[in-house]
Amino acid sequence: MAVEPEHASVNGRKKPQRPQRTHREVADELRARIRSGVLRPGQRMPTQAQLAAEFGVERQAVRGALRILQSEHLLTNISKGAPATVAERADRAAAGPAAPPQPTTVALAPRIASAFEAEHVHIDAVCLTAVSLTLAMGEPLRQIYAGRLKPAKVDVRVLLPSRSIDLAFPVPVGGRQGHDDPVHERWLAQRNAQGQVLRHNLLALRATHGIDVRVTFRALPFTPPVKLYLLNSTEALFAYYTVTRSEAQIGQESLPTYDAQGVRSMLFAFEQGDGLRDTTFVEQSHLWFNALWETISSELELTD
């Protein structure tokens, strides 16, 4: 069955053109298909011509998207003469010194899903709101409910900024005006909501699958300039919070703020046993986390 060209003329008139997708947007869609299992490890991809027709883009955009996925170790055998192939280990992100840094939205979920293959899952995290962690937990939860994973025990510890401190970010560009700070209140609501969702989703595994689950939060007396995820005492995933000027929509008002988009932060992976540098980084990261947990952090309640 022939596919009607997106901009075919009708009665001599051209249809109004929609903005073409970028090669990064095409890569995002294909990556999502690989991560969700729609495109399986070892499966041949559609040809570049077929992808170009599906997404309504030039082949150059398709080739750019495929190169991105190849750099992320999700595709192999990329060439002009044959369709690419989904990598055999596409469900796992590489770690160690050879692993390229990847956005948190790309790298975190498959690494956490891999960590859930252990009988006792232990995850520690230092972050600003737990948005990325909550999103990434969706993947192992789906696999547990599908019967592909069943750990016996899950222990999650999360360090988040205290509600009572003056955050370094997010903050209004002009600084706080008195005691009323809608930017701080928005951050607090997001921190509490994400933490509550994370705790609820994990604790539900007790009733549904009989898994021993413990989720604990503690409050930091400072704004963390980095995010850190420690998985089963063997991996450390590290990213910087890069502060930029942006606009925050609060109610009907748009406020200029200094903030960081943590979900886009580039995540660097370190794995114990992958050389002295990586092993030492993982060990020191655990020492740093435990020191904060046991000394200057305080009890945190995810309430208003």
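Predicted, not measured: the structure shown is a model, and the values here were computed from it. (Residues numbered from 1 in each chain as written. Predicted model: local features only at pLDDT ≥ 70, side-chain atom pairs only at ≥ 80, totals over all residues. Heavy atoms only, no water.)

A sheet is described by the order of its strands in space; here 3 strands give the open sequence E8-E13-E12, paired in antiparallel fashion. What marks the edges here is a single partner per strand, and that holds for strand E8 (171–172) and strand E12 (244–250). The pairing of E8 with strand E13 (residues 253–259) spans 2 bridges and is antiparallel. Note that in E13 the partner of Val-171 across the bridge is Tyr-258. Running at roughly 80° to E12, helix H6 (residues 182–209) makes contact with E8, E12 and E13 of the sheet. (Pairing = 2+ DSSP bridges. Helix = DSSP H or I, 4+ residues; strand = E, 2+ residues; numbered from the N terminus. Contact = heavy atoms within 4.5 Å. Axes fitted to C-alpha atoms, helices over the stretch in contact; angles between N-to-C directions.)

The next point concerns the sheet that holds strand E9 (residues 212–220). Pairing is mixed across the open sheet formed by 8 strands, whose spatial order is E5-E14-E11-E10-E6-E7-E9-E15. Two strands close off the open sheet at either side, each with one partner strand: strand E5 (102–103) and strand E15 (298–299). As defined by bridge partners, strand E7 (residues 153–161) adjoins E9 across 9 bridges and the pair is classed as parallel. Residue Pro-161 lies in a different strand from E9, and its bridge partner there is Leu-220. Along the sheet, helix H7 (residues 276–294) contacts strand E6 (120–126), E7, E9, strand E10 (226–231), strand E11 (235–240) and strand E14 (266–271); its crossing angle with E14, the most-contacted strand, is approximately 105°.

Tallying each qualifying case throughout the model produces 5 aromatic pairs. With a centroid separation of 5.1 Å and 85° between ring planes, the pair formed by Phe-238 and Tyr-240 is classed as edge-to-face. Taking the centre distance of 5.9 Å and the plane angle of 85° together, the rings of Phe-238 and Phe-281 count as edge-to-face. Of this pair, Phe-238 sits in strand E11 while Phe-281 is found in helix H7, placing the two residues 43 residues apart along the sequence. Using a relative accessible area of 16% as the deciding quantity, one classes Phe-238 as buried. (Phe/Tyr/Trp six-rings, centres within 6.5 Å; stacked < 30°, edge-to-face > 60°. Buried < 20%, exposed > 50% of the residue type's maximum accessible area, 1.4 Å probe, protein only.)

This part covers a nonpolar patch on the surface. Residues Tyr-240, Met-266 and Phe-268 make up a contiguous nonpolar surface patch of about 290 Å² in total accessible area. Position of Tyr-240 among the secondary structure elements: in strand E11. (Patch = residues over 30% accessible without salt bridge, like charges linked within 9 Å, V, L, I, M, F, W, Y side chains within 5 Å. Areas by Shrake-Rupley, 256 points an atom, 1.4 Å probe, with all protein chains shown as cover. Salt bridge = Lys/Arg side-chain N within 4 Å of Asp/Glu carboxyl O.)

Okay, helix H3 (residues 59–71) next. Taking 1.5 Å of rise per residue, 13 residues should cover 18 Å, and H3 covers 18 Å from first to last C-alpha, within 8% of that figure. Positioned one or two residues after H3, His-73 has a phi angle of 65°, which is positive. (Expected span 1.5 Å × (residues − 1).)

On to the packing of helix H2 (residues 48–55) against H3. The interhelical angle for the contact between H2 and H3, taken along N-to-C directions, is 110°, at an axis separation of 9 Å. Looking at the two axes, H2 sits roughly perpendicular to H3. Residues Gln-48, Ala-49, Leu-51 and Ala-52 of H2 form the contact with H3, whose participating residues are Arg-59, Val-62, Arg-63 and Leu-66. Along the lines of polarity and charge, the residues of the contact of H2 with H3 split into 5 nonpolar, 1 polar and 2 charged. (Parallel < 35°, antiparallel > 145°, perpendicular 65-115°, else oblique. Nonpolar A, V, L, I, M, F, W, Y, C, P; charged D, E, K, R; others polar.)

Time to look at the side chain of Ser-162. Along the polypeptide, Ser-162 turns up in the loop between E7 and E8. For Ser-162, a relative accessible area of 12% translates into the label buried. Excluding its chain neighbours within four sequence positions, the residues that come into contact with Ser-162 are Trp-187, Arg-191, Ala-219 and Leu-220.

Here we take up the pattern of salt bridges. Applying the stated criterion across every chain yields a total of 8 salt bridges. We note a salt bridge from Asp-28 to Arg-31, for which the minimum N-O separation is 2.8 Å. Linking Asp-28 with Arg-31, this pair stays in helix H1 (residues 23–36), spanning 3 residues, or about one helical turn. Of the residues examined, Asp-28 reaches a relative accessible area of 42% and is grouped as partly exposed. Notably, a salt bridge pairs Arg-33 with Glu-29, separated by 2.9 Å at the nearest N-O pair. Within this pair, Arg-33 and its partner Glu-29 are both found in helix H1, separated by 4 residues, close to a single helical turn.

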